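# A look at the structure
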Amino acid sequence: MAGMTRTAAKAELVQALGAQPVLCDVYDAAALTTATSYFRPDLILHELTELPDTVEELPVRRTDNPHIRIAGTRNLIAAATAADCGRLFAQSVAWELPPCNGANTVRALEDAVLGSGGVVLRYGQSYGPGTFYPNVPPVGPPIHIDAAAERTIVALNRPTGILTITDNTATSD
């Protein structure tokens, strides 16, 4: 099992979690394709985000996440195709986003993943350790970070489609 990260510091975390770290930037399509082809994965779990470390930084970094969801997803699908990887799962959101970058970006990501035969995982807003909401669930549809991980593992046997993962449900759309 391999886990991709862009930073050497996080490579140590990936290794500590039991995966072989792959230091690669999703924006470097050639390197991503080379790394993916080398590992020849049966499954790719796309959890790419470009979120800041604090909620306060969100307004000034609002365009970062849409960029990785569009360009990163496009590069990851191309790399998966080149590596003959038959299963792609990608995170999305289970709440309404505003028009323009928000909703349009989610639609583009989901259309690309579904168009490649993948599975879209629509997560509620994460809460728990290491999230923007460490102690209290957010207002929108929430999902505890541990429950999200557990339900994701169960979902890895699903066929193509959309799965909503929140505290209250895990449904197919």
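Summary of the structure given here. Please read all numbers here as calculations on a predicted model, not as lab measurements. (Residues numbered from 1 in each chain as written. Predicted model: local features only at pLDDT ≥ 70, side-chain atom pairs only at ≥ 80, totals over all residues. Heavy atoms only, no water.)

This part covers the nonpolar core. Ranked by internal contacts, the top residues of the largest apolar core, which has 19 residues, are Val 26, Leu 32, Ile 44, Leu 48, Leu 76, Leu 88 and Val 113. Those elements that provide at least two residues to this core are helix 2 (29–39), helix 3 (64–82), strand 4 (87–93) and helix 4 (101–115). Here this core gets five residues from one element, more than from any other, and that element is helix 3. Every residue in contact with Val 26, bar those within four places of it in the chain, is listed here: Met 4, Leu 32, Leu 48, Ile 68, Gly 72 and Asn 75. In this structure, Val 119, Leu 121, Ile 143 and Ile 165 belong to the second largest nonpolar core, which totals ten residues. (Core = buried A, V, L, I, M, F, W, Y, C linked by side-chain atoms within 4.5 Å. Buried < 20%, exposed > 50% of the residue type's maximum accessible area, 1.4 Å probe, protein only. Helix = DSSP H or I, 4+ residues; strand = E, 2+ residues; numbered from the N terminus. Contact = heavy atoms within 4.5 Å.)

Examined against the element boundaries, Thr 166 turns out to sit in strand 8 (residues 161–166). Residue classification places Thr 166 among the buried residues on the basis of a relative accessible area of 5%. Not counting chain neighbours up to four residues away, the residues in contact with Thr 166 comprise Ala 94, Gly 124, Pro 141, Pro 142, Ile 143 and Arg 151.

Moving on, we come to the pattern of salt bridges. Applying the stated rule across the entire model yields four salt bridges. Glu 50 is paired through a salt bridge with Arg 61; the nearest N and O atoms lie 3.5 Å apart. Linking Glu 50 in the loop between strand 3 (43–46) and helix 3 with Arg 61 in the loop between strand 3 and helix 3, this pair joins segments that are eleven residues apart in sequence. Here Arg 61 falls in the partly exposed class, since its relative accessible area comes to 24%. Here the salt bridges share partners, and the residues they tie into one network are Arg 6, Glu 50, Arg 61 and Asp 64. (Salt bridge = Lys/Arg side-chain N within 4 Å of Asp/Glu carboxyl O.)

By the secondary structure assignment, Arg 69 is in helix 3. There is no salt bridge for the buried Arg 69, and the closest opposite charge comes from Glu 110, which lies 7.1 Å off by N-O distance. At a separation of 3.4 Å, a polar atom in the side chain of Arg 69 contacts the side chain of Gln 91. With residues near it in sequence (within four places) discarded, Arg 69 still touches Thr 49, Gln 91, Ser 92, Val 93, Thr 105 and Leu 109. (Lys, Arg positive; Asp, Glu negative; His and termini not counted. Polar contact = N/O pair within 3.5 Å; in protein donor to acceptor, adjacent residues only side chain to side chain.)

Overall, the coordinates contain one aromatic pair when judged by the stated rule. A ring pair is formed by Tyr 38 and Phe 39, whose centres lie 5.1 Å apart and whose planes are at 85 degrees; its orientation type is edge-to-face. (Phe/Tyr/Trp six-rings, centres within 6.5 Å; stacked < 30°, edge-to-face > 60°.)

Once that is clear, we can look at the pairing of strand 4. Across the seven residues of strand 4, six count as buried, placing the element largely inside the fold. Where strand 3 lies against strand 4, four bridges are found, and the strand directions are parallel. Residue pairing across strands places Ile 44 opposite Leu 88, the latter belonging to strand 4. Following the chain from strand 3 across helix 3 to the adjacent parallel strand 4, one finds a crossover that is right-handed. Judged from the five bridges that link them, strand 4 and strand 5 (residues 119–123) form a sheet pairing that is parallel. Each bridged residue has a counterpart across the sheet, and for Phe 89 the counterpart in strand 5 is Val 119. (Pairing = 2+ DSSP bridges. Right-handed = clockwise from strand over helix to strand, strands pointing away.)

Before going further, it helps to spend a moment on helix 5 (residues 145–155). Buried within helix 5 are the following residues: Ala 147, Ala 148, Thr 152 and Ala 155. The arc that holds the buried residues of helix 5, viewed along the axis, is 135 degrees, so those residues lie on one side. Facing away from the buried side of helix 5 by more than 90 degrees, the exposed set consists of Glu 150, Ile 153 and Val 154. Looking at the buried positions of helix 5, the neighbouring elements they touch are strand 3, strand 4, strand 5, strand 7 (142–144) and strand 8. (Arc of directions from axis to C-beta.)

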